[in-house]
Amino acid sequence: MTVKPGSAAILGGGIGGLTAANTLLRHGWHIDVFERSPEPPRTGTALGMWPPALAALEVAGVGGRVEQLGVTQRSATLRRWDGVVLAHVRDLRRAPVMVSRPALLDILLSGLPDHTVKFDAPAPPLTALAGYDVMIGADGIGSAVRDEVFGPAYRPVHTGYGAWRGWVGGSTTNHGETWGPGALFGITDRDGDLTNWFAAVRTTEGTGGTLHDLHGRFHDWHPGVRDILGRLDPDDVMYHDLYESPRLPSYVRGNAALIGDAAHAMAPNLGRGACEAIVDATTLATLLSEHPVPVALQRYDRARRRRTQLLVPASRAVARIATASRLTSLRDSSITAFGRIA
């Protein structure tokens, strides 16, 4: 079934919002994207695009571009903090493609006509957007749309973790994650002949994380980690507290829908946040092209809410295992034994 194209206000010009805009435009919809930033970001760390997200980008009309630009991560190694290998996976059949956030946003922007995205334009209240057939809240973890629709009780909560992220020039052979007491350190490829890295620690909200703290926490880890620390440019290091969303009662209300982190922010340990935003966006846009708005929104909620809400505690569980401080010998031996069986 195909319905007459309508109009959509997309509140947020990040990955989810731009994916939705591309997909709806392919179906003839009129789109306005409101983005509070004055311009697209020019710096950012790598994201892993798993096969479902790559398939969704095909639906959005920008398929193949990420694979051409990014770097496929075909193997992964899990190490202990001192460098002992716990598990190694080669020739991943469903390998992710690592691409930086700015590069992915540029791909998505290139599919849109000029002036579709209104930069330096904070999301208007939903009451000011009554002329649109549908409003899509894609405004991230601090979503004003979610606050307006569901109230402050559903704002994200601190996970108990903070993370540094960044990149260094050149490549490395030390790809994978390293797990140590109360912390983890990850290293991946990314586009632009750069190496992406991330480090997470158990911490309390608002305590911050300086470059000195980073070095102090990981200076005695294995040589692969120390190599990254020795190549850091302070201007390319970011620190953030990590948050996750409470369970929303619905992803829709009236003719408004939430996608991505506005709906289901999660810890980054499964590497699925950006991917799920992309799948949210194409699922919603495709349903809007096939059904009247009320029907499409309800089907979107049924299709995406349960699945993504299950990922939130799953990501938290992986974070707890990866950064455990007790019973780590049992954890490590179990991982090694499972790797031999697999």
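Now for a quick tour of the structure. None of the values given here were measured: they were computed from a predicted structure.

Turning next to empty space enclosed by the protein. On inspection of all chains with the given rule, the structure shows one cavity of 30 Å³ or more. Its volume calculated, the largest cavity comes out at about 30 Å³. Forming the walls of the largest cavity are Tyr161, Ala200, Leu242, Ala267, Pro268, Asn269 and Ala319. Partitioned by chemical class, the residues of the lining of the largest cavity number six nonpolar, one polar and no charged.

A sheet is described by the order of its strands in space; here three strands give the open sequence E3-E7-E4, paired in antiparallel fashion. Either end of the sheet is taken by a strand with one partner, and the two such strands are strand E3 (46-49) and strand E4 (71-72). Sheet topology note: the E3/strand E7 (residues 97-100) ladder contains four bridges and is antiparallel. The partner of Ala46 across the bridge, within E7, is Ser100.

What follows covers the sheet that holds strand E16 (residues 256-258). Across the sheet, which stays open at both edges, the six strands sit in the order E8-E2-E1-E9-E16-E15 with mixed pairing between neighbours. Either end of the sheet is taken by a strand with one partner, and the two such strands are strand E8 (117-118) and strand E15 (252-253). Pairing analysis gives two bridges linking E15 to E16, with the strands arranged antiparallel. Its bridge partner being in E16, Arg253 is matched across the sheet by Ala256. Sheet contacts for helix H1 (residues 15-26): strand E1 (7-11), strand E2 (30-34), E8 and strand E9 (134-137); angle to E2, the most-contacted strand, approximately 170 degrees.

This part takes up the nonpolar core. Counting 65 residues, the largest nonpolar core has Met49, Val66, Leu104 and Leu288 as the members making the most contacts within it. Non-local contacts of Met49, meaning those with residues more than four positions away in its chain, are made with Leu54, Val66, Ala95, Pro96, Val97, Val99, Leu104, Ala274, Cys275 and Ile278. By size, the runner-up hydrophobic cluster in this structure holds 17 residues, among which are Trp164, Val168, Phe185 and Val225.

Even without a glycine there, the phi angle at Asp120 is positive, about 60 degrees. Within the secondary structure, Asp120 sits in the loop between E8 and E9. Residue Asp120 is classed as exposed on the basis of its relative accessible area, which comes to 56%. Positive phi outside glycine occurs at Asp193, with the angle close to 55 degrees. Tracing the backbone shows Asp193 in the loop between strand E12 (183-190) and strand E13 (194-202).

Thresholds, definitions, all that
Residues numbered from 1 in each chain as written. Predicted model: local features only at pLDDT ≥ 70, side-chain atom pairs only at ≥ 80, totals over all residues. Heavy atoms only, no water. 1 Å grid on protein atoms, 1.4 Å probe; cavity = no way out; pocket = protein on both sides within 12 Å on 5 of 7 lines; lining within 4 Å. Points joined across faces, edges and corners; volume = space filled by probe spheres on them. Nonpolar A, V, L, I, M, F, W, Y, C, P; charged D, E, K, R; others polar. Pairing = 2+ DSSP bridges. Helix = DSSP H or I, 4+ residues; strand = E, 2+ residues; numbered from the N terminus. Contact = heavy atoms within 4.5 Å. Axes fitted to C-alpha atoms, helices over the stretch in contact; angles between N-to-C directions. Core = buried A, V, L, I, M, F, W, Y, C linked by side-chain atoms within 4.5 Å. Buried < 20%, exposed > 50% of the residue type's maximum accessible area, 1.4 Å probe, protein only.

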